[in-house]
Amino acid sequence: YHIQEVVDGASLYPPQWIWTVTNYPPGSFWAAGLLTKLGLSPVMAGRVLSLLGLALVSVAAYRLLRLRTAASRARFGAAFAATFFAVVFPTYVAMNDPQMLALGCGLLAFSFAVKPPLSWRDGCLVAALFVSAIGTKHNVVGLFGAAVLYLAIYHIRSFWRLVV
């Protein structure tokens, strides 16, 4: 329903005078709407975005593990993360829901944020990924909070680059 509104150019949210709560930020609808314009059905577009999110989770797992271990172990950990999600949480893999995409964007942002020193370019990338994550699903805001707190405690210069 919401994806079709985005594709048609209609307003995604009801007027302010109507007391209706919309639970999702607009990012997932815009992304799914773009894929729908490319020929996918709205359900398939959501599933493709969910699989993209799982790929981003795996890349983030690799990056985080690579900070502490060899590349071969990090690759194994990234493959294990994808397999773990597929086996333990099969309903989230390829589900028509933005949760996995938001988690993937947030974890990838976190993986860049915790690798000091944070350059201005990396800071912009982290900010863009966190905005994408929060704009896709609001409940990943905790990842942003954790990254900001980590940088504030351990790497104050990188903290200022991210916040400012």
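Scroll up for the structure.
Residues numbered from 1 in each chain as written. Predicted model: local features only at pLDDT ≥ 70, side-chain atom pairs only at ≥ 80, totals over all residues. Heavy atoms only, no water.

Notes on the packing of helix 2 (residues 27-37) against helix 3 (residues 42-66)
The packing of two helices is summarised by the inter-axis angle and the distance between the axes.
Right, so step 1: Packing of helix 2 against helix 3 leaves a shortest axis separation of 8 Å and a crossing angle of 115°. Handedness of the crossing formed by helix 2 with helix 3: right-handed. Side by side, helix 2 and helix 3 meet where Ser28, Ala31, Ala32, Leu35 and Thr36 of the first sit next to Pro42, Ala45, Val48 and Leu49 of the second.
Right, so step 2: Taken together, the residues of the contact of helix 2 with helix 3 sort by class into seven nonpolar, two polar and no charged. (Axes fitted to C-alpha atoms, helices over the stretch in contact; angles between N-to-C directions. Helix = DSSP H or I, 4+ residues; strand = E, 2+ residues; numbered from the N terminus. Left-handed = near helix turned anticlockwise from the far one by under 90°. Contact = heavy atoms within 4.5 Å. Nonpolar A, V, L, I, M, F, W, Y, C, P; charged D, E, K, R; others polar.)

So, the pattern of salt bridges
Right, so step 1: Taken as a whole and judged by the stated rule, the model has one salt bridge.
Right, so step 2: The partner of Asp122 in a salt bridge is Arg121, with the nearest N and O atoms 3.5 Å apart.
Right, so step 3: In this structure Asp122 comes out as buried when scored by relative accessible area, which is 15%. (Salt bridge = Lys/Arg side-chain N within 4 Å of Asp/Glu carboxyl O. Buried < 20%, exposed > 50% of the residue type's maximum accessible area, 1.4 Å probe, protein only.)

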